[in-house]
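Observations on the three-dimensional arrangement
Below, each chain spelled out in residue letters.
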Amino acid sequence: MATTRTDPLTLEVVELIGTVVARYYEEYDEAAAAHSLTGAQARVLGLLSLEPMPMRRIAQKLKCEPSNVTGIVDRLETRGLVERRPDPADRRVKLAAPTELGARTAQQLRDSLTFAREPLAELSDGDRTMLRDLLRRMLGEPGPSGGQGLSAGSGRGSRGVEPLSP
């Protein structure tokens, strides 16, 4: 049975993580609204700007039901931001992919997010690498070398902040 840590330092770290997440999503929703998008639509568009993917995979990444994703993609498609196309690897599967306008919109959304980027810019490459590796460890993800330990790296993760990287 896992022990729950309730010491003051752990509680403060948990509170700070919650505050960072809340501020990120607040700014994310504001950026989305500036493009007449919901936060969910912007997150899907951001994911698709990284690579086209089927609805099921989008749902897995966003941890929601595929039927929710279908509705979001329908609305993005109506706006000309996303298109459905056959998967070259399996023509029975449809991929959602950004249109040229969708890719530009996703980039504009990404560029407008300053909350996470500006404070992170004040950290050294080593600090950002350590933060990335600690966050990965908290999530149970392997480090860059496949292990769980901290390591020096480029200072940049293989993915951006999800999902604009929703």
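Reading guide: rules and limits
Residues numbered from 1 in each chain as written. Predicted model: local features only at pLDDT ≥ 70, side-chain atom pairs only at ≥ 80, totals over all residues. Heavy atoms only, no water. Helix = DSSP H or I, 4+ residues; strand = E, 2+ residues; numbered from the N terminus. Expected span 1.5 Å × (residues − 1). Contact = heavy atoms within 4.5 Å. Phe/Tyr/Trp six-rings, centres within 6.5 Å; stacked < 30°, edge-to-face > 60°. Buried < 20%, exposed > 50% of the residue type's maximum accessible area, 1.4 Å probe, protein only.

**Structural notes on helix α4 (residues 66-78)**
Across its 13 residues, α4 extends 18 Å between first and last C-alpha, which sits within 8% of the 18 Å expected from 1.5 Å per residue. Looking at the packing, one finds that the buried side of α4 touches α2 (39-50), α3 (55-62), β1 (82-87) and β2 (90-98). Positioned one or two residues after α4, Gly80 has a phi angle of 80°, which is positive.

**Some words on the packing of aromatic side chains**
The description of an aromatic ring pair rests on the distance of the ring centres and on the angle between the ring planes. As enumerated under the stated definition, the model contains two aromatic pairs in all. On the basis of an interplanar angle of 75° and a centroid distance of 5.4 Å, the ring pair of Tyr24 and Tyr25 is categorised as edge-to-face. Under the relative-accessibility criterion, Tyr24 is labelled buried at 10%. What links up through ring pairs into an aromatic cluster is the set Tyr24, Tyr25 and Tyr28.

That is the geometry; function is a separate question.
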